[in-house]
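Read off the chains here:
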Amino acid sequence: MNLLKNHRPGLPVILFLLAALGTFAVYTFINRPSAQHEHEEKEAGGIAESMEEWFEQRAYPALTIDMERYANAYEQMRTQMATQKTSSNHQWEALGPKNFGGRTLFLAFNPQNASTLFAGAAGGGLWRSYSTGVGANAWQHVPVGFPVVGVAAIALAPNDTNVIYIGTGEVYNYQNVGTGFSVRLTRGTYGIGILKSTDYGATWVKSLDWAYDDMRGVQDIVVNPLHPNTVWAATSEGTYVSYDAGATWILKHNVLMATDIEMHPTDTSLIFIASGNLGSAGNGIYRTQNGGNTFTQLTSGLPASYSGKTMLSFSPSTPTTIYASIGDSLNGKGLYRSNNSGNTWALVNSLDYPLYQGWYSHDVAVSPVDPNFLMCVGVDSYRSTNSGTNLNQRSYWYKWDLNATTVGGSEGPNDYMHGDIHHILFKPGGDSIIYFATDGGVFRTLNRALTFEGCNGSYQTQQFYANFSNSATDSLFAIGGMQDNATAIYEGNAGWRRVIGGDGMSTAIDQTNDNKVYASYQYLNVYRSDDKAQSFNYLSNLPTGNAANTNFNGIYEVCEFSPNYVYAARDLVYQSVDYGASWITMAPLDGNPINTIAIDPNDCERIYVGTTPRINPPAKIFKSTNGGNSWTNVTGILPDRFPMDIAIHPVNNDILYAVYSGFGTPHIYKSTNGAATWTALTGLPDVPTNTVVIDPLYPDYVYVGNDFGVYYSPDGGNSWNTFNDGLTDATLVMHMSISHANRKLRIATHGKGIWERPLIDPTITSTQTTALATGYLHLSPNPVVSQLSLRYRAAATGPVTLRVMDMSGKLVMESKETGVIGVSKEILLNTSSLRAGTYYVVMQSEDSQLVRKMVKVQ
């Protein structure tokens, strides 16, 4: 059983104001055995830290994200994709997970065909299911042709469902109270306004165009059912209305942070708006009785103040009744009801169902046919059959099944639904079937919330973090951590297994031994497995810290050359030479949390670290040649932005690359003299760049991942090409890694799960790819000690050369054979004289080349 320590780090001093507003609670977990099960208990919510770190690294040193640069860069990428052609016929393919979903904000049925359901993902854009989420292939992504990452609102015109509006972006905190300026922290994704389609999602145009404005969010969209050209939108900037089907928009109500709009089902001039969150000015419930000409704040019976958000729901069968779910930042205010169209209100139930996330995820919805039946949700779901007087808990987030589950099948017992529920949606025609948008995807009940089931077949919307890790020898074994969805293990199929719980963070796999696997949750709580991720043990000797000196995604790295070396970092670097069993605190740096660590692939004592400019700016990069006993500041001309990743050349360790987040400066720098000096490389779009990888077999080929996708350089960074074939819209790449066993590049995305694509092989032309498919190369055992069985099948009859090369490209073994098409052959190689390390085995024939990675152990 995986036991997580109950650890709650302290709060960053510089973020004290936001912490005081309650935006920095932490997910922590503890296992409690019972007679029937052991489970993890969520003590507090850590989504704010995730959003804060996401926003901070992109905005710094500014307080806002430069959306004009973001929009311009996307147009540059689209132009490049139209004119450039990569030297490969392959495209990116989705690897999964496909058996559970990621953070989801909104759901909408087709009002004329309730078998079609739309979902807005926080990081994965717009999705559609023609089977209401049922089945292994229930969901398909809907490309929009714009840099849309998060979709928080969806509305279809009831008279013509070819017309669809989506609201983009995710925002919870607009203003820091009392400062008089916008800081816009605690966000989830970029927002570019409202998009509209008139052909059921085939093509899209900008409607409310915020692509070049400061980062904003759209929380709700309502189409007037009687006058469908009238469309209302609740946004971070206030409430807008369009009278011409989205062609133009008017700001009708200027109270910031509008979170919900409810329109009377028959008298559409009667509209309620909920405004405010995290202490923004004017928070409250507002009503217009004349279609928006005037608004009145409703106060009778409502709390005088609250710091969270409000969600509203009419009782459709008794529309004079309206409910309000009102939340505080740290503890909920409760469920309120008005029986006279909002004139007066009363507290119906003070149950704190939002818990610590009244600013983030809660909702209320009333049955369309039974005014006494309603649902309230927050961290979990609650059911009432007496108009909210009694709320009975119906689902329990901690009962999730972390083992590999069937794609499209159950994700836990029938009282499980993923926690942090954003939206409730009754299926038209009754009140038995209800859908829920959660941080773990889409769920539903078929029996008025007596039981629940997941609806996430192929809904690949997980928000992965760095680092995603691959086995050196087994292409069917990999591991990565996700926002609020634990740590996922790929074992060769679409149904991934999960371990540990919480927000899964950085991972690592020993490149000489698949049994040794590392995983973690937030603030550098690290675990190690010695049985190929079947069980994990907490590395309790790793020095502790708090949020002031540790990044949310606490970083650690395992040395490839000698994997007993492990480095981890808070504001200090810790070194272990016994696989994490014990640790030494290395020499101090600049007092900032460390954001990235790079270890020389051939020298475990030669390391680089990049620091987060949170306590003692500017950002810096330091180098050590003695494992951290001493450091040299090698920042030089590097920008004051967040350093996200560093890659060291596999042959010449004087060559290295560093990539940067933020806007307005170059995003990749190269050194050819061991970081003594740096050169800015040009040709990449001006968007945050998160990860860099060098192909060890062809080290002139360099790949980077940014907030739009992947780029590659065939000449050491002198020129750049898009590498996004098969990816749609903006794919936010958090991390890249190479699966050496099958020579594929894998990307861990923040919203679209894991994808893979063959690395570019400059020795193979596009006409040779068919020949590759018929060739075969298998190594056994791998890792190898003294004798390697090399089984191969050539793609054509003729000469075949089998080579073994070290990581520098040096030839260490060679055997010339004759291949016969369709015939498998075997040779034995004596590897006892090879030193321990990583090698490539290459099968070269006239028409094809196959490469496999081999690990030699003593």
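Here the structure is a predicted model, which means the values were calculated and not measured. (Residues numbered from 1 in each chain as written. Predicted model: local features only at pLDDT ≥ 70, side-chain atom pairs only at ≥ 80, totals over all residues. Heavy atoms only, no water.)

K.L.:
Help me get a handle on the overall build of the protein chain, residues and values and all.
P.N.:
Scanning the protein chain for helices and strands turns up 4 helices and 67 strands. On C-alpha atoms alone, the protein chain measures out to a radius of gyration of 27 Å, which is about the 29 Å that the 2.2 N^0.38 rule sets for 858 residues. Its C-alpha atoms give the protein chain principal-axis dimensions of roughly 85 × 60 × 55 Å. Per-residue burial over the protein chain gives 66% buried out of 858 residues. Of the accessible surface of the protein chain, which amounts to about 27,200 Å², a share of 48% is contributed by carbon and sulfur atoms. Each charge sign in the protein chain was given a centre, from 54 positive and 70 negative side chains, and these centres are 2 Å apart. (Helix = DSSP H or I, 4+ residues; strand = E, 2+ residues; numbered from the N terminus. Rg over C-alpha atoms; globule rule 2.2 N^0.38 Å. Buried < 20%, exposed > 50% of the residue type's maximum accessible area, 1.4 Å probe, protein only. Areas by Shrake-Rupley, 256 points an atom, 1.4 Å probe, with all protein chains shown as cover. Lys, Arg positive; Asp, Glu negative; His and termini not counted. Charge placed at Lys NZ, Arg CZ, Asp CG, Glu CD.)

K.L.:
Summarise the packing of aromatic side chains; cite the residues concerned and give the values.
P.N.:
The tally for this structure, following the rule as stated, stands at 38 aromatic pairs. Chaining the aromatic ring pairs together yields one cluster made of Trp 54, Tyr 70, Tyr 74, Tyr 190 and Phe 708. (Phe/Tyr/Trp six-rings, centres within 6.5 Å; stacked < 30°, edge-to-face > 60°.)

K.L.:
Residues and numbers for the nonpolar core, please.
P.N.:
Among the nonpolar cores identified, the biggest contains 58 residues, and Ile 65, Tyr 70, Ile 154, Ile 166, Tyr 190, Trp 204 and Ile 668 are the most heavily contacted of them. With 6 residues, the single largest contributor to this core is helix 3 (residues 67-83). Formed by 23 residues, the second largest nonpolar core is a distinct cluster that contains Leu 727, Ile 738, Trp 755 and Met 807. (Core = buried A, V, L, I, M, F, W, Y, C linked by side-chain atoms within 4.5 Å.)

K.L.:
Can you break down helix 3 residue by residue, with the values?
P.N.:
Helix length check: helix 3, at 17 residues, gives a terminal C-alpha distance of 25 Å against a target of 24 Å (1.5 Å per residue), a fit within 8%. What helix 3 keeps buried is the set Met 67, Tyr 70, Ala 71, Ala 73, Tyr 74, Met 77 and Gln 80. If you follow the buried residues of helix 3, they end up packed against strand 56 (709-713) and strand 57 (721-722). Two or three places before Glu 68, at the start of helix 3, stands the capping residue Asp 66, its side-chain oxygen 3.3 Å from that residue's backbone nitrogen. (Expected span 1.5 Å × (residues − 1). Contact = heavy atoms within 4.5 Å. Polar contact = N/O pair within 3.5 Å; in protein donor to acceptor, adjacent residues only side chain to side chain.)

K.L.:
Can you lay out the environment of Gly 430 for me, pointing to particular residues and giving the numbers?
P.N.:
Take Gly 430: it is sitting in the loop between strand 30 (421-426) and strand 31 (434-438). For the pair formed by Gly 430 and Tyr 74, sequence separation is 356 residues and the distance between their alpha carbons is 44 Å. For Gly 430, the residues in contact, after removing those within four places along its chain, are Pro 368 and Val 369.

K.L.:
Let's hear about the pattern of salt bridges: which residues, and what values?
P.N.:
In total, this model carries 26 salt bridges according to the counting rule given. A salt bridge links Asp 530 to Arg 528, with the shortest nitrogen-to-oxygen separation between them at 3.0 Å. Of the residues examined, Arg 528 reaches a relative accessible area of 16% and is grouped as buried. Overlapping salt bridges bring together Asp 66, Arg 69 and Asp 686 as one network. (Salt bridge = Lys/Arg side-chain N within 4 Å of Asp/Glu carboxyl O.)

K.L.:
So what's going on with the sheet that holds strand 26 (residues 363-366)? Residues and values would help.
P.N.:
Strands belonging to one sheet form pairs held by backbone hydrogen bonds; the direction of such a pair is parallel or antiparallel. An order of 26-27-28-29 is seen for the 4 strands of this open sheet, with the pairing classed as antiparallel. At either margin of the open sheet sits one strand with a lone partner, and together these are strand 26 and strand 29 (392-393). Pairing of strand 26 with strand 27 (residues 374-377) involves 4 bridges; the strand directions are antiparallel. Across the sheet, residue Val 366 finds its bridge partner in strand 27, namely Leu 374. (Pairing = 2+ DSSP bridges.)

K.L.:
Tell me about unusual backbone geometry, and name the residues and values.
P.N.:
It is generally the case that most residues other than glycine have a negative phi and that most peptide bonds are trans. At the junction of Tyr 60 and Pro 61, the peptide bond is cis and its omega measures out at 5° in the coordinates. Structurally, Pro 61 is set in the loop between helix 2 (47-59) and helix 3. Residue Pro 783 is bonded to the preceding Asn 782 through a cis peptide linkage, with omega at 10°. If you trace the backbone, Pro 783 turns up in the loop between strand 61 (776-780) and strand 62 (787-793). Located in the positive-phi region is Ala 486, a residue other than glycine, with phi close to 70°. The residue Ala 486 is located in the loop between strand 35 (478-481) and strand 36 (487-490) in this model. For Ala 486, a relative accessible area of 0% translates into the label buried. Its identity as a non-glycine residue notwithstanding, Arg 743 has a phi of 55°, on the positive side.

K.L.:
Report on the side chain of Lys 752, specifying residues and quantitative values.
P.N.:
With respect to the helices, strands and loops of the structure, Lys 752 is situated in the loop between strand 59 (744-749) and strand 60 (754-758). Among buried charged residues, Lys 752 stands out as having no salt bridge; its nearest opposite-charge side chain is Asp 729, 5.1 Å away. One polar contact links Lys 752 to Thr 731, side chain to side chain, over a distance of 3.3 Å. Other than its neighbours up to four places away in sequence, Lys 752 contacts Gly 123, Gly 124, His 141, Gln 460, Thr 461, Gln 462, Thr 728, Asp 729, Ala 730 and Thr 731.

K.L.:
Can you explain the sheet that holds strand 57? Please cite residues and give values.
P.N.:
The 4 strands lie next to each other as 54-55-56-57, forming an open sheet whose pairing is antiparallel. Every other strand in the sheet has two partners, leaving strand 54 (689-694) and strand 57 as the edge strands with one partner each. Inspection of the sheet shows strand 56 paired to strand 57 by 2 bridges, in the antiparallel sense. By the bridge assignment for strand 57, Tyr 711 is matched with Thr 722.

K.L.:
Hey, could you go over the state of the cysteines for me, with residue numbers and the actual values?
P.N.:
Counted according to the given criterion, the structure contains 1 disulfide. Covalently, Cys 559 is tied to Cys 604 through a disulfide, its sulfur atoms 1.9 Å apart. Torsion about the S-S bond of the Cys 559 and Cys 604 cystine: about -80°, corresponding to left-handed handedness. Placement of Cys 559 in the loop between strand 42 (555-558) and strand 43 (566-569) and of Cys 604 in strand 47 (residues 603-611) is noted, with a sequence separation of 45 residues between them. (Disulfide = S-S within 2.5 Å.)

K.L.:
Break down the confidence of the model for the protein chain for me, with residues and values.
P.N.:
On average, the protein chain scores 88 in pLDDT, and the residues at 70 or more come to 91%. A low-confidence stretch, residues 176-184 stays under pLDDT 50, and its non-local contacts, those more than four residues away or across chains, total 20 contacts. In the model, residues 765-773 has pLDDT below 50 throughout and makes 13 contacts with residues more than four positions away in sequence or in other chains. (pLDDT = per-residue confidence, 0-100.)

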